[in-house]
Amino acid sequence: MTVYKSLTAYWRQRITTESYSPTALVKVLFSQVAAAISGAFIARLLMTLVQILIVRRLGTLLYGEYATVTTSLGLLASLLGMGLDTWILQEGGRDPASLVQNVWQVLFVKTFGAAVLLALLTIAWSSDIVLSSAFVVGVAAIIFDSFAQTGYSALRATQQNVRVAIFQTLTPLSVLILLATTANTQQSVFALLSIQAACNIFITLILLAKIWQLYPPDLEHFVKLRHLVKGAWLFVAADVLGNLYSQAGIAILGATVEPATVGIYRTALHTISFMFLIPSLLFYVGLPLLNAPGLSRQGFRGLVRAMAGSVLCYGVGVWVGLWLMGDMLVTVLFGQEYGAALPFVSIMSVVPLIKSGSFVCVAVLLSCNKAHWRVMLQAVAVAVSVVGGFFVIPAYGSNGAAFLYVAVEAVLFILYCTGALVAVRGLRQ
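Described below are features of the structure shown in this document.

**A short note on the overall build of the protein**
Turning to step 1, where the next piece is worked out: In terms of helices and strands, the protein carries 14 helices and zero strands.
Turning to step 2, where the next piece is worked out: For the protein, the sequential pattern of α-helices and β-strands runs α-α-α-α-α-α-α-α-α-α-α-α-α-α.
Turning to step 3, where the next piece is worked out: By the burial criterion, 54% of the 429 residues in the protein qualify as buried.
Turning to step 4, where the next piece is worked out: Long-range contacts, defined here as pairs at least 24 residues apart, represent 86% of the contacts in the protein between residues at least 6 apart.
Turning to step 5, where the next piece is worked out: For the protein, the accessible surface area stands at approximately 18,600 Å², while carbon and sulfur atoms represent 69% of it.

**Details of helix 7 (residues 189-214)**
Turning to step 1, where the next piece is worked out: Given a rise of 1.5 Å per residue, 26 residues ought to cover 38 Å, and the 37 Å separating the end C-alpha atoms of helix 7 matches this to within 8%.
Turning to step 2, where the next piece is worked out: Taken together, the buried positions of helix 7 are Val-189, Leu-192, Leu-193, Ile-195, Ala-197, Cys-199, Asn-200, Ile-203, Thr-204, Leu-207, Leu-208 and Ile-211.

**Some words on a nonpolar patch on the surface**
Turning to step 1, where the next piece is worked out: On the surface, Leu-312, Val-316, Trp-319, Val-320, Trp-323, Leu-324, Met-325, Met-328 and Val-332 cluster together to form a nonpolar patch covering roughly 930 Å² of accessible area.
Turning to step 2, where the next piece is worked out: Residue Val-332 is classed as exposed on the basis of its relative accessible area, which comes to 57%.

**What to know about unusual backbone geometry**
Turning to step 1, where the next piece is worked out: Even without being glycine, Asn-369 reaches a positive phi, approximately 60°.
Turning to step 2, where the next piece is worked out: Inspection of the secondary structure puts Asn-369 in the loop between helix 13 (351-367) and helix 14 (371-427).

**Notes on the packing of aromatic side chains**
Turning to step 1, where the next piece is worked out: Scanning the entire structure with this criterion turns up five aromatic pairs.
Turning to step 2, where the next piece is worked out: Between Tyr-265 and Phe-344, the ring centres sit 5.7 Å apart and the planes meet at 75°, which makes this aromatic pair edge-to-face. Taken together, the residues span a long stretch of sequence, with Tyr-265 in helix 9 (residues 259-273) and Phe-344 in helix 12 (residues 342-347) at a distance of 79 residues.
Turning to step 3, where the next piece is worked out: A relative accessible area of 3% means that Tyr-265 is categorised as buried.
Turning to step 4, where the next piece is worked out: Residues Phe-283 and Phe-359 carry aromatic rings whose centres are separated by 6.0 Å and whose planes lie at 45° to one another, so their mutual orientation is tilted. Of this pair, Phe-283 sits in helix 10 (residues 277-290) while Phe-359 sits in helix 13; the two residues are 76 residues apart in sequence, bridging distant segments of the chain.
Turning to step 5, where the next piece is worked out: We classify Phe-283 as buried; its relative accessible area is 5%.
Turning to step 6, where the next piece is worked out: Over the aromatic face of Tyr-284 sits the side chain of Arg-156, whose NZ or CZ is 4.4 Å from the ring centroid.
Turning to step 7, where the next piece is worked out: Lying across the ring of Phe-276, Lys-355 places its NZ or CZ 5.9 Å from the centre.

**Points about the nonpolar core**
Turning to step 1, where the next piece is worked out: Counting 123 residues, the largest nonpolar core has Ile-54, Ile-211, Tyr-215, Tyr-265 and Met-348 as the members making the most contacts within it.
Turning to step 2, where the next piece is worked out: Considering each element in turn, this core owes the most residues, 16 residues, to helix 14.

**What about the environment of Val-351?**
Turning to step 1, where the next piece is worked out: Mapped onto the fold, Val-351 is located in helix 13.
Turning to step 2, where the next piece is worked out: You can call Val-351 buried: its relative accessible area is 0%.
Turning to step 3, where the next piece is worked out: The sequence separation of Val-351 and Tyr-405 amounts to 54 residues, and the corresponding C-alpha distance is 8.4 Å.
Turning to step 4, where the next piece is worked out: Residue contacts for Val-351: discarding those within four places in its chain leaves Ile-272, Phe-276, Tyr-405, Val-406 and Glu-409.

**Some thoughts on the pattern of salt bridges**
Turning to step 1, where the next piece is worked out: Tallied over the full model, the rule gives two salt bridges.
Turning to step 2, where the next piece is worked out: Across the pair Lys-110 and Asp-85 runs a salt bridge, and its minimum N-O distance is 2.9 Å. Taken together, the residues span a long stretch of sequence, with Lys-110 in helix 4 (residues 99-126) and Asp-85 in helix 3 (residues 84-94) at a distance of 25 residues.
Turning to step 3, where the next piece is worked out: Put simply, Lys-355 and Glu-409 hold a salt bridge, and the shortest N to O gap is 3.4 Å. Note that Lys-355 is positioned in helix 13 and Glu-409 in helix 14, a separation of 54 residues in sequence.
Turning to step 4, where the next piece is worked out: Glu-409 gets classed as buried once you look at its relative accessible area, which sits at 2%.

**Some details on the packing of helix 5 (residues 133-156) against helix 6 (residues 161-181)**
Turning to step 1, where the next piece is worked out: At their nearest, the axes of helix 5 and helix 6 sit 8 Å apart, and the two run at 160° to each other. Classified by the angle between their axes, helix 5 and helix 6 sit roughly antiparallel to one another. The two elements helix 5 and helix 6 cross, and the hand of that crossing is right-handed. Between helix 5, through Tyr-152, Leu-155 and Arg-156, and helix 6, the contact on the second element is made entirely by Asn-161, Arg-163, Val-164, Phe-167 and Gln-168.
Turning to step 2, where the next piece is worked out: Residues belonging to the contact of helix 5 with helix 6 are distributed by class as follows: four nonpolar, two polar and two charged.

Rules behind the numbers
Residues numbered from 1 in each chain as written. Predicted model: local features only at pLDDT ≥ 70, side-chain atom pairs only at ≥ 80, totals over all residues. Heavy atoms only, no water. Helix = DSSP H or I, 4+ residues; strand = E, 2+ residues; numbered from the N terminus. Buried < 20%, exposed > 50% of the residue type's maximum accessible area, 1.4 Å probe, protein only. Contact = heavy atoms within 4.5 Å. Areas by Shrake-Rupley, 256 points an atom, 1.4 Å probe, with all protein chains shown as cover. Expected span 1.5 Å × (residues − 1). Patch = residues over 30% accessible without salt bridge, like charges linked within 9 Å, V, L, I, M, F, W, Y side chains within 5 Å. Salt bridge = Lys/Arg side-chain N within 4 Å of Asp/Glu carboxyl O. Phe/Tyr/Trp six-rings, centres within 6.5 Å; stacked < 30°, edge-to-face > 60°. Lys NZ or Arg CZ within 6 Å of the ring centre and 35° of its normal. Core = buried A, V, L, I, M, F, W, Y, C linked by side-chain atoms within 4.5 Å. Axes fitted to C-alpha atoms, helices over the stretch in contact; angles between N-to-C directions. Parallel < 35°, antiparallel > 145°, perpendicular 65-115°, else oblique. Left-handed = near helix turned anticlockwise from the far one by under 90°. Nonpolar A, V, L, I, M, F, W, Y, C, P; charged D, E, K, R; others polar.

The structure is reproduced here in structure tokens:
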């Protein structure tokens, strides 16, 4: 109970309608985003350097195999309930006293899910189903990465974004160091995934030890799961659907073209997804603020306007920048042999603008208790992605996959924006 009271007092001190005007709330938002960006940018830069080294060392053929394995792992990661971490963010802002219980219940559920996943892999292995050693190592990495995401959400819920950025930096930094020290050894998909997994596991264990110190668990946290099941299943469903619509195109493309083409296309996707850093941090910081107890209508609108204006300026700037300097960005980052990715980058250059708007709309939907709307809208996006993928990608190849990716994101943004407007009018009058 001491921890509960301290968390509640901390949050009320940070955000109350009496102590913060709408202008002050916006300042809190941007100060926390700036703190997160300053460290997370370094982390993302290191991750980009890691990706560049992997791309350069493997070449187009082996990197195509690497991309196929990591895409499959991305689909598998959704089974570990990573959507629960967004639920922690929302509930951490709405009910600070329940944060400790929520964090440890999510970790308990993820541990159970990981045990089931490992049991299924063991059965598949014993049944002589072909599982590459690289895939098995990758599974261990995504399990611990899932634990790490829960730890990050626990820290973000109380605006400890600098601490999150530090831990996020340690993993790619350790990978980069190991890649540098093994530069003269023979590289393979298995070796590179093993290095990433080892670093991920080590840093995650340190993070969990810190979470234990900050938020010591109680036995009741592991047995009273009704609150989690009732409130979080929509977030799990949303995460599963999000992985499906974002990865379906790559999976279909991988089944219809050679691995080298998948590697080229995936390189373009890496270039585009790198641009999601700032709007995603704005979402992570803004969601607990939008859910703060007692937030006034004026304060809510002020935060939403600040978030929307920021992502609009950012998205337009990135769109123009990719059109003007996309070729230089791709060749400098990944090398001349990946110059073929430039047409895909040009096609998808508008996606950061669209995706940025989607982040804000989702934050509004969740703060208005419309998580079920989000799931329904994502189900539409999955249908468009899968059905469209089977018609477009076999006929038009990687160009078709790129255009389909833009179309799916555009459809989803329109749906999110419509839902957010309806939710605000209905609940914030």
